[in-house]
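Residue-level listing of the chains:
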Amino acid sequence: MPGLTGYTRRAIYSGGPSERTLCVAGDFNGDGLPEVMIGARRPRGELYWIGRTNAGDWATHMVDGDCGPLEAGGTFMNIRGRRRGDFVAGHDASMRTVFWWECPEDPTRPWARREIFSMPATQSHDQLAADLDGDGQEELYFWNQGSGAIFGAALPGDPTVSPWPTVRPIAQGVREEGLAVADVDDDGRVELIAGLSWYRPKESGLWERHEFTTGYVSPRLAAADFDGDGRTEIIVAEGDASLFGREFGRLTMFHSSGDPAAPWQGEVLHDRLLDPHTLAVADFNADGRPDLMVAELGNPNGPHRWPPRVLIFYNRGSRFEPVVVSEGVSVHEGRVVEIDGHVGIVGKPYQNVARGGPFERDPAADHIYLWLPAGNH
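Keep in mind the model is a prediction, meaning the values are calculated, not measured.

**Student:** Sorry if this is basic, but what is going on with the pairing of strand β19 (residues 233-238) here?
**Tutor:** It is a general feature of regular strands that their side chains alternate between the two faces of the sheet. Counted residue by residue, β19 has six buried out of six residues, so it is predominantly covered. Here β19 shows no split at all, with E233, I235 and A237 on one side and I234, V236 and E238 on the other all buried. As judged from the six bridges shared by strand β18 (residues 219-224) and β19, these two strands associate in the antiparallel manner. If you follow A224 over to β19, its bridge partner there is E233. Inspection of the sheet shows β19 paired to strand β20 (residues 249-255) by four bridges, in the antiparallel sense. Paired with A237 across the bridge in β20 is L251.

Shown next as structure tokens:
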């Protein structure tokens, strides 16, 4: 199907009704192409990946068919030191474990699942692997919404031990979501952005917390120097606005006032989005500036109010120009991918599986889609 601005959409996976919650892209087999990891929670918890074959088709390979109900999020992480191919994800609001799966030499075979941590309460929506302490090795950071906490874990000497002995809370008394890293205080080191705050590491105890804004719900996060002033801006999209009684979700860019520990100034880029649960940064038109990709989830429980859209906010230096590149297919979790030299998008819709009573389920909800530009921008 032609996109509205020269993008082409194709389904790379079609399956039965399922609540597919996570979608993460990464090249874990070293073939120079992105593979796509998909996790689900109903009718069964499962994890599998989709990869392109030599013939140009896409094939599906099971990672774990009995992992329990997985939540949105997930991250690749270099745990075994061989490649950035191991994978981390956590349970939804019905269970409480964060796992990692070891990528085998032949990734088409089932992966070994190991427990990282049994959380104090249920749900881990979002995990992130990053080196914040500067030792050259990634740590793991993850939310536990049920206990209102963020946890961090250095890689233990033996990561096959369960649970990891290195898991520690870094923030408590906050129940949000969304994770990103950037140098927000201009000290030459990256800090953790989580929800509506950024956090500075401390050697022991809870980390320094600095709220950059308030009043936003279910934040999806991105960070970069968008205006070219040498300082980081933070982008927030209200991913599940409707769950909090909001008619629309906002997309807002926040600028530091000069003191990064003080509240940041918000610049609303769009205020009429249908649950913009997808937010990503890439240079889509190869002009050297970071652009934004935003996609609408729409209604997870029935008909959408209008055809959900995928938008690219092109960075024109002093402003963003929003362009609709696809409409009619919702995207719950979308990622930027590069295939054959083209920057594209892979994404997955989401709708709840009917559990009694009539339910008009969108057939498009059970495909995984790939968007690639048909020509150069």
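**Student:** I keep staring at the sheet that holds strand β26 (residues 333-339) and nothing clicks. Help me out?
**Tutor:** Strand pairing within a sheet occurs via backbone hydrogen bonds; the two strands may be parallel or antiparallel. One open sheet accounts for four strands, arranged β1-β28-β27-β26; its pairing is antiparallel. Every other strand in the sheet has two partners, leaving β1 (7-14) and β26 as the edge strands with one partner each. The mean angle between the axes of side-by-side strands here comes to 25°, regardless of whether they run parallel or antiparallel. Where strand β27 (residues 342-348) lies against strand β28 (residues 367-373), three bridges are found, and the strand directions are antiparallel.

**Student:** Which parts of the structure should I look at to understand the pairing of strand β4 (residues 46-52)?
**Tutor:** Counting buried positions along β4 yields six of seven residues, so the element is predominantly enclosed. As paired strands, strand β3 (residues 35-42) and β4 are joined by five bridges and run antiparallel to one another. Residue G39 lies in a different strand from β4, and its bridge partner there is L47. Here β3 folds back onto β4 in antiparallel fashion, the turn holding three residues. Two elements, β4 and strand β5 (residues 58-64), share six bridges in a ladder whose sense is antiparallel. Looking at β5, one finds that G51 is bridged to A59. Joining the antiparallel neighbours β4 and β5 is a turn of five residues, in which G56 adopts a positive phi near 95°.

**Student:** Would you take a moment to explain the pattern of salt bridges for this structure?
**Tutor:** Once the charged atoms of two side chains with opposite charge are near each other, the side chains can pair. Throughout the structure, instances matching the rule amount to 23 salt bridges. Residue E19 pairs with R41 through a salt bridge whose shortest N-O separation is 3.0 Å. With E19 in strand β2 (residues 19-26) and R41 in strand β3, the pair connects residues that are 22 residues apart, well separated along the chain. In this pair, the class of E19 matches that of R41, namely buried. When the shortest N-O distance is used, the salt bridge between E238 and R246 registers 3.0 Å.

**Student:** Is there a simple way to explain the sheet that holds β4 in this structure?
**Tutor:** Read across the open sheet, the four strands follow the order β2-β3-β4-β5; overall the sheet is antiparallel. Strands with a single pairing partner mark the edges of an open sheet, and in this sheet they are β2 and β5. Averaged over all pairs of adjacent strands, the angle between strand axes in this sheet comes to 25°, irrespective of strand direction. With seven bridges joining them, β2 and β3 adopt antiparallel strand pairing. Bridge pairing in β3 links G26 to E35.

**Student:** Explain the layout of surface pockets to me, please; I cannot follow it from the model alone.
**Tutor:** One water molecule sets the probe size; rolling that probe over the atoms shows where empty space is left. What the largest pocket holds in volume is close to 930 Å³. Considering the residues around the largest pocket, the lining is formed by 36 residues, among which V24, G74, L279, A280 and R335 are closest to the centre. Breaking the lining of the largest pocket down by element, the ones donating at least two residues are β2, β6 (75-77), β10 (127-130), β14 (179-182), β18, β22 (278-282) and β26. Broken down by element, the residue count for the lining of the largest pocket peaks at six residues, all from β26. Residues of the lining of the largest pocket, tallied by class, amount to 19 nonpolar, 10 polar and seven charged.

**Student:** Hey, could you run me through unusual backbone geometry in this one?
**Tutor:** As a rule of thumb, non-glycine residues mostly have phi less than zero, and peptide bonds are mostly trans rather than cis. A cis geometry characterises the amide bond from R42 onward to P43, with omega recorded as 5°. Take P43: it is sitting in the loop between β3 and β4. In this model, S162 is joined to P163 through a cis peptide bond whose omega is -10°. One can find P163 in the loop between β12 (149-153) and β13 (167-172). Despite not being glycine, D275 shows a phi value in the positive range, around 50°. Checked against the element boundaries, D275 lands in the loop between β21 (265-273) and β22. The buried category is assigned to D275, whose relative accessible area is 4%. Residue D340 is not a glycine yet carries a positive backbone phi of 55°. With respect to the helices, strands and loops of the structure, D340 is situated in the loop between β26 and β27. Of the residues examined, D340 reaches a relative accessible area of 54% and is grouped as exposed.

About the criteria used
- Residues numbered from 1 in each chain as written.
- Predicted model: local features only at pLDDT ≥ 70, side-chain atom pairs only at ≥ 80, totals over all residues.
- Heavy atoms only, no water.
- Buried < 20%, exposed > 50% of the residue type's maximum accessible area, 1.4 Å probe, protein only.
- Helix = DSSP H or I, 4+ residues; strand = E, 2+ residues; numbered from the N terminus.
- Pairing = 2+ DSSP bridges.
- Axes fitted to C-alpha atoms, helices over the stretch in contact; angles between N-to-C directions.
- Salt bridge = Lys/Arg side-chain N within 4 Å of Asp/Glu carboxyl O.
- 1 Å grid on protein atoms, 1.4 Å probe; cavity = no way out; pocket = protein on both sides within 12 Å on 5 of 7 lines; lining within 4 Å.
- Points joined across faces, edges and corners; volume = space filled by probe spheres on them.
- Nonpolar A, V, L, I, M, F, W, Y, C, P; charged D, E, K, R; others polar.

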